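In case you want the letters, here they are:
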Number of protein chains: 2
Amino acid sequence: MRGPLLALAGGVGGAKLALGLCHVLLPEELVMVVNTGDDEEFYGLHVSPDLDTVMYTLAGLANPETGWGVRDDTFNALEMMGHYEPSPWFKLGDRDMATHIRRTQLLGRGKTLSQVTHLLCSSLGIKHNVVPMSDHRVRTIVETDEGKLPFQEYFVRRRCEPRVVGLGFDGLDKARPSPEFDAALGQATAILFCPSNPFLSIAPILALPGVRERIAGFPGTRVAVSPIVGGQALRGPAAKILEELGYQVSALGAAGVYRGLCDIWVLDEADRSLAEGVSALGMRPAVTRTVMATDEDKVALARYLCDLVSL
Amino acid sequence: MRGPLLALAGGVGGAKLALGLCHVLLPEELVMVVNTGDDEEFYGLHVSPDLDTVMYTLAGLANPETGWGVRDDTFNALEMMGHYEPSPWFKLGDRDMATHIRRTQLLGRGKTLSQVTHLLCSSLGIKHNVVPMSDHRVRTIVETDEGKLPFQEYFVRRRCEPRVVGLGFDGLDKARPSPEFDAALGQATAILFCPSNPFLSIAPILALPGVRERIAGFPGTRVAVSPIVGGQALRGPAAKILEELGYQVSALGAAGVYRGLCDIWVLDEADRSLAEGVSALGMRPAVTRTVMATDEDKVALARYLCDLVSL
């Protein structure tokens, strides 16, 4: 029996591709590892924004306008919370809140984040494996020209405005990859980097002890979908951070971040001209439509990727 | 300086009178002690139904139709919770949920329930002292013909249908009255039993170590408003439980529950004919309109009671 596809993902871009992959692959053929570096406690509740985005997307509950949160949600708990805590700046919807409450309750009973995620996904009818990168607490710290900022402080409260000079991850000394992630690193047929932010979504996963080394030495095929198309990020600050960290703001610049970790770099058709540059970086270029506007786009891209790695 | 009025209350009836008392008395003239025997954990959140009812009522946020919860609330978190936990039977609104989340967060940081209640009340603009009966965990257990039931299981899930044969209170061995309750027992000018359920709302307060004895020996005036009017409870199962426990279902039967603890028993005008019976129980009868349909009723009853005890 061949091993599964190990997909590494962050938030919205990863969730879109995850939906496609779940249409193309059987549950046992996919391990979807999701960044938890942007997890945070709000009002004592454990919020896992990237896990939730993937989960809600797969469950058909995602808000199509924002990409995060639950569709048609209300914000009455948050409004009331405004009485108790000055100006809550992290938007949590009422339906969304139930997820954080339940997660916090189950963690409080001693379950791991992997176990909790499995339970939440099952409850929402998700059969594929959605796995946190780690069951330990890792927190992304964004080093900026205004000092170090906790991830959500940078991302939501400050809207990614401060200039990024580096990234740090709190808790790495005690963290290990989650059991399913660990197993998949050993058993997977292929590794897929979803078109998520290389710094904010993928770097925390790679920073876990041993992960970068194991992916560097991975015997199967490693494929990445460029998170930059036509010199721009489809959403989020990936382009801005590439520039701030001295990379070229292009699909080629993004490829440079994965040098030594990736065999096939998938460019959007708009970036066909960059194929030679990708080869020069030691990766095999592949070109397809990577922009996922519709569910059909997601499935088509997933199918293309599975063909690429012969899954 | 004279001491405050110490008012003992449960849910809706107590909350109505509390609103009147807050109109009549200055903050330093009132200590409102509220039953916490019906507190319960739902989804890991600490819910204090009686404290919330008093608090929402004083803050002008109460739902006038139900008596519990926040007005115009939505139930989207609860609906979502239905995915994670089979059939949630305890109704928690979204705005209401914020209170439970915040309370749980603050308790988790090591604050006492008294401190948390004070913070929540301040946040909602309440200047009067609303105090839990205890900072310790006491849980009312309803002993029924179907066995022992946790309070909310009896009250909400089973809608008070099982026949009550007795009451028990878990946690009394480690519980003490809250500091402000304890102080008020020593300093109060008068004690007021609000028209709350004698068994489900007031009995847990009296069951706390030393409380019954201290009220029995209290040197000031003790006054109670009958929770039964015209042979019926205005709401809730007080009449049903009186009958099940072998008391006469009347304002007189209810008075019997407080024998030795109360000096003045306030009857509604509808029960004027019971005044002699009250005297026979060793209490002084007083008659006024006790039904609180409007805010004016609440203030009028509060004023009447304060006059009775010369506050």
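Everything numeric in this text was worked out from a predicted model, so none of it was measured.

Caption draft 1: Local environment of the sheet that holds strand β5 (residues 129–132) of chain A. All names here are of chain A. With parallel pairing, seven strands are arranged side by side in an open sheet as β5-β2-β1-β9-β10-β13-β14. Every interior strand has two partners, whereas the edge strands, β5 and β14 (284–288), have only one. Ignoring strand direction, the axes of neighbouring strands in this sheet form an average angle of 25°. Bridge count for strand β13 (residues 264–268) against β14 is five bridges, and the pairing is parallel. Residue pairing for β14: W265 is matched across the bridge by P285.

Caption draft 2: Fine view of the relation of the copies chain A and chain B. Laying chain A over chain B is done by rotating through 180° and shifting 0.0 Å along the axis; what remains is an RMSD of 0.0 Å. The operation mapping one copy onto its partner corresponds to a two-fold rotation axis. Looking at the rotation axis and the C-alpha trace of chain A, the residue lying nearest is D94 of chain A, at 3.1 Å. Here 96% of the interface residues in chain A have copies in chain B that are interface residues too; the copies meet face to matching face.

Caption draft 3: Examining unusual backbone geometry more closely. Positive phi outside glycine occurs at R159 of chain A, with the angle close to 50°. Secondary-structure assignment places R159 of chain A in the loop between α6 (151–157) and β8 (164–170). Positive phi values are uncommon outside glycine, yet Y43 of chain B reaches one of about 55°. Topologically, Y43 of chain B is positioned in the loop between β3 (40–42) and β4 (45–47).

Caption draft 4: Here's a closer look at the sheet that holds strand β7 (residues 147–150) of chain B. Residues and elements named next belong to chain B. Reading across from one edge, β7-β6-β8 is the order of the three strands in this open sheet, with antiparallel pairing throughout. Every interior strand has two partners, whereas the edge strands, β7 and β8 (164–170), have only one. Going across the sheet, the axis of each strand differs from the next one's by a mean of 30°, ignoring polarity. Lying on the sheet, helix α8 (residues 198–207) is in contact with β6 (139–144) and β8; it crosses β8 at an angle near 45°.

Analysis parameters
Residues numbered from 1 in each chain as written. Chains lettered and ligands numbered in written order. Predicted model: local features only at pLDDT ≥ 70, side-chain atom pairs only at ≥ 80, totals over all residues. Pairing = 2+ DSSP bridges. Helix = DSSP H or I, 4+ residues; strand = E, 2+ residues; numbered from the N terminus. Axes fitted to C-alpha atoms, helices over the stretch in contact; angles between N-to-C directions. Least-squares fit on C-alpha atoms with pLDDT ≥ 70 in both. Contact = placed C-beta atoms within 7 Å.

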